[in-house]
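One-letter residues, chain by chain:
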Amino acid sequence: MSEIRLSPNQRQIVEADDGAVLVLAGAGSGKTRVLTERVRYLLSSKPGKFKILALTFTNKAAEEMRNRLKGVDDIQNRTFIGTIHKFCLELIRTQGSAIGLSEMPHIFERENDRLEVLIEVFNNNPIFKQNLNQLNDETKRKKYLYDVLGYISQKKKDLFGIIEQVEQDDKELNLLFREYNSVLASQNAIDFDDVICLAYKIFGERPKVAELYRKIYKYICIDEAHYM
């Protein structure tokens, strides 16, 4: 066991029995440190050969965990420590063919790249283009474009098109959403929001892949879960 000093509550978390455990804690309470010690405890005290999946939401937190665990034997082979997006990208790279991806798509991470795709959608559709041009100044047009990007992003966070949902939104916005994705597909590209969507799709539509990962990773530790 690590010599890191832990409060009684923190030690209880670190040494919790197998099974799902939810810990609610505020900013600056040492969540990442406690989760790191949980990983160390599991590797040092649980019998058998197994791997741990340790997911964070920032590269900084992932780097902190890796640095704290450097002294653990065979740590690189026994854990995957990284952001949830990094894990999902690796899943898409290795298992994407299960949902029809013949090659790894390009990833448009920057907002400017997404904006260019959306502008192409407007330019390709005379009605959309006319509606945009009817806004009487550049500031309003730009705001509208960013509002549409926000709408598209939220639809993807809601897993629209992957889990069954009733379409209740504006028809034009729904069509913009679909045509935006169509332009991405024509360029063999995805945006950052698609990363989690595609990973969800792989696990949801291919139970054998999900079962394989359950066997690979006996323990899953998630640092700071965000509700979308």
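Here, the structure is the one placed above.
Now for the packing of helix α6 (residues 111-124) against helix α9 (residues 171-186). Taken N-terminus to C-terminus, the directions of α6 and α9 make an angle of 115°; their axes are 9 Å apart at the nearest point. Classified by the interaxial angle, the pair formed by α6 and α9 is roughly perpendicular. In this structure, α6 meets α9 at a crossing whose hand is right-handed. For the pair α6 and α9, contact is made by R114, V117, L118, E120, V121 and F122 and by L176, E179, Y180, V183 and L184, respectively. Of the residues belonging to the contact of α6 with α9, the class tally is eight nonpolar, no polar and three charged.

All right, on to the sheet that holds strand β2 (residues 79-83) then. Backbone-to-backbone hydrogen bonds pair the strands of a sheet. The strands run either parallel or antiparallel. On the basis of which strands lie adjacent, the open sheet formed by three strands has the order β2-β1-β5 and parallel pairing. Taken across any chain shown, the strands that pair with only one partner, and hence form the sheet edges, are β2 and β5 (217-222). In this sheet, neighbouring strand axes are inclined to one another by 15° on average, regardless of whether the strands run parallel or antiparallel. As defined by bridge partners, strand β1 (residues 51-56) adjoins β5 across five bridges and the pair is classed as parallel. The residue bridging K51 from the neighbouring strand is Y217, located in β5. Sitting on the sheet, helix α5 (residues 84-95) is in contact with β1, β2 and β5, with an inclination near 115° to β2.

This brings us to the pairing of β2. Across the five residues of β2, five count as buried, placing the element largely inside the fold. Here five bridges tie β1 to β2, and the two strands are oriented parallel to one another. Its bridge partner lying in β2, L55 is registered against G82.

Conventions used here
Residues numbered from 1 in each chain as written. Predicted model: local features only at pLDDT ≥ 70, side-chain atom pairs only at ≥ 80, totals over all residues. Heavy atoms only, no water. Axes fitted to C-alpha atoms, helices over the stretch in contact; angles between N-to-C directions. Helix = DSSP H or I, 4+ residues; strand = E, 2+ residues; numbered from the N terminus. Parallel < 35°, antiparallel > 145°, perpendicular 65-115°, else oblique. Left-handed = near helix turned anticlockwise from the far one by under 90°. Contact = heavy atoms within 4.5 Å. Nonpolar A, V, L, I, M, F, W, Y, C, P; charged D, E, K, R; others polar. Pairing = 2+ DSSP bridges. Buried < 20%, exposed > 50% of the residue type's maximum accessible area, 1.4 Å probe, protein only.

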